[in-house]
Amino acid sequence: MPHTYEFPRPALTVDCVVFGLDEQNLLKVMLIKRNLTPFRDEWALPGGFVRISESLESAAMRELHEETGIEKVFLEQLYTFGDLNRDPRDRVVTVAYYALVNLAEQKIRPQTDASAAAWFPISDLPPLAFDHDRILATAIARLKGKVRYEPIGFELLPKKFTLSQLQKLYETVLNTKLDKRNFRKKILSMDLLIDLNEMQKDVAHRAAKLYRFDEQKYRKLKQRGFNFEIKLDCGVVG
């Protein structure tokens, strides 16, 4: 006979903060318009209830795919939010995740309990349901901190990118103007970029060289204690 508990148990959900970088180097977040009460027709982070038979990460990936069409992305657990009154339906605890995607490579297809899904600049957001403004603020702080000591920023770029695109990424996320010469010197000295011997095509400006991040080499170096750290000193990468 299955063991049952006498005590009331809170419901468990997952919420996903998905960041993307557009062609104008605007940092954006994916939001869905809710098709269910509470907060019907209001914007929220993708998410939902965890099923008995699935892990937290599986639930996050499932909800993300069902509500937005996004799949196969970098996903990492962020924080657990459990304020007593965060959900008007019941006592609900949520485990938040953040994801990083190349915005141009993801096709958005809202389904299930989302009537719409769209990218919003983090500087111009609509009011959010539940406590999702707090979850988003926590995710932005995590991204700003972690992008400086782990190469997660490459997840926001196309697989082939220029050094200018890479610099713009860091400037956008960190909200800091970086010195071009120092930045390139620092990045190239890590020896983690593969020169593809290719140039940009069909661009209005002078074509630049294309690179790819060598993830396999980074993993090997990390096992040996390699430190991927980008130090900022007065807005200049040192």
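Positions within a chain are numbered from 1, following the residues in the order the chain's sequence is written. Where local features are concerned, this predicted model is filtered to residues with pLDDT of at least 70; where side-chain atom pairs are given and counted, the filter is 80 or more; whole-chain, interface and lining totals use all residues. With hydrogens and water excluded, all non-hydrogen atoms of the structure serve as input to the side-chain values.

### Observations regarding the overall build of the protein
Now for step 1: Only runs of H or I of at least four residues qualify as helices and only runs of E of at least two qualify as strands under DSSP, and these elements are numbered from the N terminus. Assigned secondary structure in the protein consists of 5 helices and 11 strands.
Now for step 2: In terms of principal-axis extent, the alpha carbons of the protein reach across some 65 × 40 × 35 Å.
Now for step 3: Relative accessibility thresholds used throughout: buried, under 20% of the residue-type maximum; exposed, over 50%; partly exposed, between the two (1.4 Å probe, protein chains only). Counting across all 238 residues of the protein, residues that qualify as buried make up 45%.
Now for step 4: Restricting the contact set of the protein to residue pairs at least 6 apart, pairs at least 24 apart contribute 67%. Any pair of residues with heavy atoms lying within 4.5 Å of one another is described as a contacting pair.

### Some details on the packing of aromatic side chains
Now for step 1: Only rings of Phe, Tyr and Trp enter the pairing, Trp through its six-membered ring, and a pair is recorded when the two centres are within 6.5 Å. The plane angle decides the type: under 30 degrees is stacked, over 60 is edge-to-face, the rest tilted. If you walk through the whole model with that rule in mind, you get 10 aromatic pairs.
Now for step 2: Aromatic pair Phe 213 and Tyr 218: ring centres 6.1 Å apart, planes at 45 degrees, arrangement tilted.
Now for step 3: Using a relative accessible area of 13% as the deciding quantity, one classes Phe 213 as buried.
Now for step 4: Of the residues examined, Tyr 218 reaches a relative accessible area of 8% and is grouped as buried.
Now for step 5: Pairing Tyr 218 with Phe 228 gives two aromatic rings, centres 6.3 Å apart and planes at 85 degrees, and the pair type is edge-to-face. Taken together, the residues Tyr 218 in helix α5 (residues 215-223) and Phe 228 in the loop between α5 and β10 (232-233) connect sequence positions 10 residues apart.

### What about the nonpolar core?
Now for step 1: Ranked by internal contacts, the top residues of the largest apolar core, which has 45 residues, are Val 17, Phe 19, Leu 166 and Tyr 170.
Now for step 2: Counting residues per element, this core draws most heavily on helix α3 (residues 163-174), which supplies 6 residues.
Now for step 3: With residues near it in sequence (within four places) discarded, Leu 166 still touches Phe 154, Leu 157, Phe 161, Phe 183, Ile 187 and Leu 193.
Now for step 4: Side-chain atoms within 4.5 Å link the members of a nonpolar core, which is a set of buried Ala, Val, Leu, Ile, Met, Phe, Trp, Tyr and Cys residues. Counting 20 residues, the second-largest nonpolar core is a separate cluster that includes Val 14, Ala 59, Ala 60 and Val 95.

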